[in-house]
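# Observations on the three-dimensional arrangement
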Amino acid sequence: MKPYITESTIRQFVVDVTEQHYILSGAIIAVSAAQAAALGESCVQISLDNQIDKLDWHLVSQHIQQIAHIRNDLLMWCDHEASAIVEYTSLLNDNIIVSREPLYESCTKISELSINAAKLLKDFRPLVFADVLDDLEIAIGLLANMAKAAIVLLNKNLQQGSNQPTLQQKYKFIQNELERQINNLEVRNKM
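Residues numbered from 1 in each chain as written. Predicted model: local features only at pLDDT ≥ 70, side-chain atom pairs only at ≥ 80, totals over all residues. Heavy atoms only, no water.

## Remarks on the overall build of the chain
Per the secondary structure count, the chain includes six helices and zero strands. In the chain, the succession of helices and strands from N to C terminus is α-α-α-α-α-α. Relative to a compact globule of 191 residues, whose C-alpha radius of gyration would be 16 Å, the chain shows 18 Å and is just as compact. In terms of principal-axis extent, the alpha carbons of the chain reach across some 65 × 35 × 35 Å. Relative to all contacts within the chain whose residues are 6 or more apart in sequence, the contacts with residues 24 or more apart total 75%. When the accessible area of the chain is evaluated, it comes to approximately 10,500 Å², of which 54% is carbon and sulfur surface. Within the chain, the 23 negative side-chain charges are centred at a point lying 6 Å from the centre of the 16 positive side-chain charges. (Helix = DSSP H or I, 4+ residues; strand = E, 2+ residues; numbered from the N terminus. Rg over C-alpha atoms; globule rule 2.2 N^0.38 Å. Contact = heavy atoms within 4.5 Å. Areas by Shrake-Rupley, 256 points an atom, 1.4 Å probe, with all protein chains shown as cover. Lys, Arg positive; Asp, Glu negative; His and termini not counted. Charge placed at Lys NZ, Arg CZ, Asp CG, Glu CD.)

## Description of the confidence of the model for the chain
Per-residue confidence for the chain gives a mean pLDDT of 89; residues scoring 70 or more make up 93%. Per-element averaging of pLDDT across the chain places helix α1 (residues 10-19) at the bottom with 85 and helix α2 (residues 25-50) at the top with 97. (pLDDT = per-residue confidence, 0-100.)

## Digging into the nonpolar core
Among the nonpolar cores identified, the biggest contains 57 residues, and Leu74, Leu121 and Leu143 are the most heavily contacted of them. Top contributing element to this core by residue count: helix α5 (residues 133-160), with 12 residues. Not counting chain neighbours up to four residues away, the residues in contact with leucine 74 comprise Ala30, Ala33, Ala34, Ala37, Ile110, Leu113 and Ser114. (Core = buried A, V, L, I, M, F, W, Y, C linked by side-chain atoms within 4.5 Å. Buried < 20%, exposed > 50% of the residue type's maximum accessible area, 1.4 Å probe, protein only.)

## Topic: the layout of surface pockets
Reported here for the largest pocket is a volume of approximately 230 Å³. Contributing to the lining of the largest pocket are 15 residues, with Ile10, Phe13, Val31, Gln35 and Leu75 lying nearest its centre. Sorting the residues of the lining of the largest pocket by element identifies α1, α2 and α3 (57-93) as the ones contributing at least two each. In terms of residues, the lining of the largest pocket owes the most to one element, α2, which gives six residues. (1 Å grid on protein atoms, 1.4 Å probe; cavity = no way out; pocket = protein on both sides within 12 Å on 5 of 7 lines; lining within 4 Å. Points joined across faces, edges and corners; volume = space filled by probe spheres on them.)

Below, the structure written as structure tokens:
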């Protein structure tokens, strides 16, 4: 596997995921969230392009920059998570006791970034160009689901790392706060 999995083509990334002897769930969640953030970023940019006379260019440009920053951070966490699971697995195979904290941290960061991107897009709803409203809702929904998926992975990692009670307590508190924030995300479903 490449040192930075995000340097792969999409096709190669998918092949890399299937060919490993460890699970890249965190990397999949992070890259999916990055793609959802990119979709939302596109909706904001298209809204600005089509409503240049109605929207505050400076304010919307700042919004776009914030979403782009989150997108880039999610890609960084994708690489970080892939590297962390490779290192963790190799140390386990060598019967070395290792902390699971890097795995806990990446799950929480991926969830947090996904939530933040969803909030930014949610706040943009009143300004969105009508033609991309449904696409914006798709992006918000995907980000909310990726935030939830990262929490599911965190919970799995916490259950498997039950021999580290201090870390368990710290990350269980963070997990509860992230779940509260996810529950506060309003995702509109139009059918």
